[in-house]
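Survey of secondary and tertiary structure
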Amino acid sequence: MIKFDVEDREGNVQSIEVPGDISLSLMEVLKASEYNILATCGGMALCATCHVEVEKGIEHLGDPNEAEMDMLDTLPDASFNSRLACQIRIGEHLDGAYFRLMAEEE
Ligand code: FES
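Given the structure is predicted, the values throughout are model-derived calculations rather than measurements.

1. Examining the nonpolar core
Judged by nonpolar contacts, the single largest core of 30 residues is most densely connected at Phe4, Leu30 and Phe99. For this core, the elements supplying multiple residues, two or more each, are β1 (2–7), β2 (13–18), α1 (26–32), β3 (51–56), α2 (66–73) and β5 (98–101). Here the element with the most residues in this core is α1; it accounts for four residues. In this structure Phe4 touches Gln14, Ser15, Ile16, Val18, Leu26, Val29, Ile90, Leu94, Ala97 and Phe99, once residues within four positions along its chain are discounted.

Structure below.
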């Protein structure tokens, strides 16, 4: 099992534990954990409603792919540690990470 922390838009922090080898994206796990993420594009890096800031563990994530990078470039509130949760695969590298949800709920 791996464990990481998620901070919602109100500042509440919750630890999420999932098997390290499930074939899901972080966005899918967050949705399954009842977070209100629209994911309008279904995980294609096109809607940015899964925008998160990686407060801890970004050094383990590797560089964003081109589609993710292009989308992040369009976000006014993106910062150096912004990522799209749909482009982050669940894996051992997320153990101990800390994510903050950024996109507005609608
Ligand atoms: S779900 Fe649309 S960009 Fe991630």
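2. Comments concerning unusual backbone geometry
For Glu34, which is not glycine, the phi torsion reads 75 degrees and is therefore positive. Relative to the helices and strands, Glu34 is located in the loop between α1 and β3. You can call Glu34 exposed: its relative accessible area is 72%. The backbone of Ala45 shows a phi angle near 65 degrees, a positive value even though the residue is not glycine. If you trace the backbone, Ala45 turns up in the loop between α1 and β3. By relative accessible area, which is 4% here, Ala45 ends up buried.

Here is what the cut-offs are and how they apply
- Residues numbered from 1 in each chain as written.
- Predicted model: local features only at pLDDT ≥ 70, side-chain atom pairs only at ≥ 80, totals over all residues.
- Heavy atoms only, no water.
- Core = buried A, V, L, I, M, F, W, Y, C linked by side-chain atoms within 4.5 Å.
- Buried < 20%, exposed > 50% of the residue type's maximum accessible area, 1.4 Å probe, protein only.
- Helix = DSSP H or I, 4+ residues; strand = E, 2+ residues; numbered from the N terminus.
- Contact = heavy atoms within 4.5 Å.

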